[in-house]
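Here's the letter readout for the chains.
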Amino acid sequence: MGIYYDDSHKVFHLQSDNSSYIIEIIKGDIPAHVYWGPKLEGREFQHPLNLVERCSFSPNYLLEDKNISLDTLPNEFPSYGNGDFREPALEVHLVDGTTVTDFRYKSHTINKGKPELKGLPSTYIESEEEAVTLEILLQDEKTGLNAVLIYTVFNDQDVITRSVRIENLGQDNVVLKRVLSANVDFHHSDYDMLQLSGTWTRERHIHKRPLVPGIHRIDSKRGSSSHQQNPFMALLAKDATEDYGEVYGFSLVYSGSFLAQAEVDQYGISRVGIGIQPFNFQWLLEPGESFQAPEAVLVRSSQGLGGLSRTYHRLYRTRLCRGEFRDRKRPILINNWEATYFNFNADKIKEIAYAGKELGLELFVLDDGWFGKRDNDDSSLGDWVEDRRKLPEGLGKLGEDITAMGMEFGLWFEPEMVSPESDLYRKHPDWCLHVPGHKRSLARQQLVLDLSRKDVCDYIVESVSSVLSSAPITYVKWDMNRNMTEIGSALLPPERQRETGHRYILGLYDVMERIISRFPHILFESCSGGGGRFDPGMLYYMPQTWTSDDTDAVERLKIQYGTSIVYPASSMGAHVSAVPNHQVHRITPLETRGHVAMSGNFGYELDLTKLSEEEREDIRKQVTEYKELRMLIQYGDFYRLLSPFEGNETAWMFVSDDKKEAFATYFRVLAEPNPPLRRLRLKGLDPVKSYKLQHNGEVYRGDELMYFGLSLPQREGDFRSLLFVLKEI
Ligand code: DGJ
């Protein structure tokens, strides 16, 4: 495993646990993509790229060799202007008004380890032995622009990370119009493209479409990664399933507007590109400056989608998430949002917290409405001062009272926003994103603070820090409830206005880094109206995300199943809420709501003081059960068994690393008349181990459970679920 260079053939072989990725420098000039697939054991690769002369519509790039046309070459980093008519990875405007660049290979380095990307989130290593990094330097002689292609191979995982740094070593300004982080030209197009799409309260549903000639694009132009499209796409071989077959994943470690696309060209080559959204993006690069693109995480699996997901889960759990909570059990919380909305006072909050303590919960989270004069969503964002009308003794005292009950205390913020009806806005009306001469479009009666400005970032760090220091707070929910409009900054000159969106994200990363390093003992959960910014960029700073504002158990099956394609259970907040459910008004059994929420970072979001004795007893049991299973759920291997996108049933399971313990849940949405007798085939167990089912004491071997299956008892009614805990004996 490692990265090998064969100088005689000018071939790089990037070899990870089970994969090889091969790049050939064609004619000593152009880095061409040759192969990405199952591992090739030989370090030297024997097959030079096969290229032939095409018709006159594919221009000849090199006079001496008509076989070389950029129109047909699989290029690791295509730019525009000399014959590649497909989507480029780089697009520039030069000082003379032209757009043509001609990047050629100059040199490369191969080093142990993995460099950090300055100011950006990225996967990391804990020891130099974990990874090797290749940097290929390409140069455009005319402009003096360098493109440094950065590849890191993780030795024991099928992961390659990619990014690019553009350096201006020339004499003139260059305007970057598009800098994608990765480009891979697959040899053919016999793939389906998978994407995670949706909207608010319906995030990350799985969609697949066959590749055909043309461009297949997902993107966000909203200033954040978005509810609508997740910064992820995969190509699935036609015969790939959940458990078998070739799957290639592309995940962008970025929280702003993005683009991910596959373009099938005239010869069936599929060009996949992923990176910052080029639309409305531009970056002025002055001589001596450089621009670092975010990281793209490329994962390959021969074990279908399931294998792909487990690789992403492990990588993101252990080498993207950071801090004290990365490997720690996450607390079971009670959040007051759906219990009270804005209508609460300290007594009510303490009653809910106390009821939570009685039921075995560990953390009380005070949601929106504790600051300024926020009795509804019309006002006060930006004024991070406790509301003494609701909390007469202050936030600190409330925190102390809750802590004295034996509960931890958590708090909601929405630090990136400002309400026009706020002291902050009255004092600093130019601190929000805006464009002079245009009205400032409101969403939820709020505006977006301009995080491209240092003074605004400093204000956020100081105002949030001062609250965090004022009370015994151990958890923060960091919310963000609108997308960006009128994206402009009062401080940037005209030629840099289109940098605002990306500068905002860099500002956000800086703010989060400063706050989390000041408060390393606080667990941070990000949120954007639920899952509007559920992306790897946020997970680098905050190891968990509120998965969706939709807490209905049935809706959550699809949301959590789709989210699990990339993101581990330890990153997903999942709560039991009241019925009828507040988003879809469905009535589901408490048991089913519990079983769904137990597959993530478990919690409750309802008025615990209004429960019947029977409900409280059920919740006590759920909480005890979750505590026993918590480490397995949060840190075990995840296997999807039945898809909610394919039928009436959903099932998934978690298996411990040593395969001694497992936990499976099965859900049937609608009751069926006279149903067949069903068996649930488990996965990931040790075939020769014997497992005892904890609810009835029956013992089966792992192979029986996986190949014959677990006989499912029949349950009556809609929205039913079953839970199985297995332990090796
Ligand atoms: C949106 C979040 O997703 C909800 O959970 C809640 O915190 C509200 N914002 C509060 O305004």
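Everything discussed here concerns the structure shown above.
Asks: Any chance you could explain the overall build of the protein chain here in plain terms?
Replies: When its secondary structure is counted, the protein chain shows 12 helices and 38 strands. Taking 729 residues into account, the globule formula puts the C-alpha radius of gyration at 27 Å, and the protein chain, at 27 Å, falls close to it. Principal-axis analysis of the C-alpha atoms gives the protein chain an extent of 85 × 70 × 45 Å. Across the 729 residues that make up the protein chain, the buried fraction comes to 63%. Look at the contacts in the protein chain between residues 6 or more apart in sequence, and 69% of them connect residues 24 or more apart. Taken as a whole, the protein chain presents about 27100 Å² of accessible surface, with 50% of it coming from carbon and sulfur. Taken together, the 84 basic and 107 acidic charged side chains of the protein chain have centroids lying 2 Å from each other.

Asks: What's the story with unusual backbone geometry in this structure? I'm lost.
Replies: Phi is mostly negative for residues that are not glycine, and the peptide bonds are mostly trans. In the segment running from Val579 into Pro580, the intervening peptide bond is cis, with an omega of -10 degrees. Relative to the helices and strands, Pro580 resides in the loop between β29 (572-577) and α10 (590-597).

Asks: Explain the packing of aromatic side chains here, please?
Replies: By the definition in use, this model includes 35 aromatic pairs. Centre to centre, the rings of Trp36 and Phe186 are 6.0 Å apart; their planes meet at 40 degrees, and the pair counts as tilted. Of this pair, Trp36 sits in strand β4 (residues 30-38) while Phe186 is found in strand β10 (residues 174-186), placing the two residues 150 residues apart along the sequence. Of the two residues, Trp36 and Phe186, both sit in the buried class. Geometrically, the ring pair formed by Phe602 and Tyr604 is edge-to-face, given 5.1 Å between the ring centres and 65 degrees between the ring planes. No difference in accessibility class separates Phe602 from Tyr604, as the two residues are buried. An aromatic cluster of three or more residues is present, and its members are Tyr21, Trp36, Tyr151, Phe186, Tyr191, Tyr248 and Phe250. The side chain of Lys390 reaches across the aromatic face of Phe344, ending 4.8 Å from its centre. Sitting over the ring of Trp546, Arg556 keeps its end group 4.7 Å from the ring centre.

Asks: What exactly am I supposed to notice about the pairing of strand β17 (residues 270-276) here?
Replies: Each regular strand displays side chains that alternate between the two surfaces of the sheet. The buried fraction of β17 amounts to seven of the seven residues, a majority that puts the element mostly inside the structure. Pairing between β10 and β17: six bridges, direction antiparallel. Paired with Phe186 across the strands is Ser270, a residue of β17. Where strand β16 (residues 258-264) meets β17, seven bridges bridge the pair, whose relative direction is antiparallel. When the bridges of β17 are listed, Ala260 appears paired with Ile274. Hairpin connection between β16 and β17: a loop of five residues separates the two successive antiparallel strands, and Gly268 in this loop has a positive phi of roughly 80 degrees.

Asks: What is the right way to look at the sheet that holds strand β2 (residues 11-15) in this model?
Replies: Either a parallel or an antiparallel arrangement is found when strands of a sheet pair, and the pairing is made through backbone hydrogen bonds. Taken together, four strands build an open sheet; the order of strands is β1-β2-β3-β4 and the sheet is antiparallel. The open sheet has two free edges, formed respectively by β1 (2-6) and β4, since each of these has just one partner strand. On average, each strand axis in the sheet is inclined to that of its neighbour by 15 degrees, with strand direction left out of account. Relative to β4, strand β3 (residues 19-26) is paired through eight bridges, and the arrangement is antiparallel. In the strand pairing of β4, Ile23 is matched with His33.

Basis of the calculations
Residues numbered from 1 in each chain as written. Predicted model: local features only at pLDDT ≥ 70, side-chain atom pairs only at ≥ 80, totals over all residues. Heavy atoms only, no water. Helix = DSSP H or I, 4+ residues; strand = E, 2+ residues; numbered from the N terminus. Rg over C-alpha atoms; globule rule 2.2 N^0.38 Å. Buried < 20%, exposed > 50% of the residue type's maximum accessible area, 1.4 Å probe, protein only. Contact = heavy atoms within 4.5 Å. Areas by Shrake-Rupley, 256 points an atom, 1.4 Å probe, with all protein chains shown as cover. Lys, Arg positive; Asp, Glu negative; His and termini not counted. Charge placed at Lys NZ, Arg CZ, Asp CG, Glu CD. Phe/Tyr/Trp six-rings, centres within 6.5 Å; stacked < 30°, edge-to-face > 60°. Lys NZ or Arg CZ within 6 Å of the ring centre and 35° of its normal. Pairing = 2+ DSSP bridges. Axes fitted to C-alpha atoms, helices over the stretch in contact; angles between N-to-C directions.

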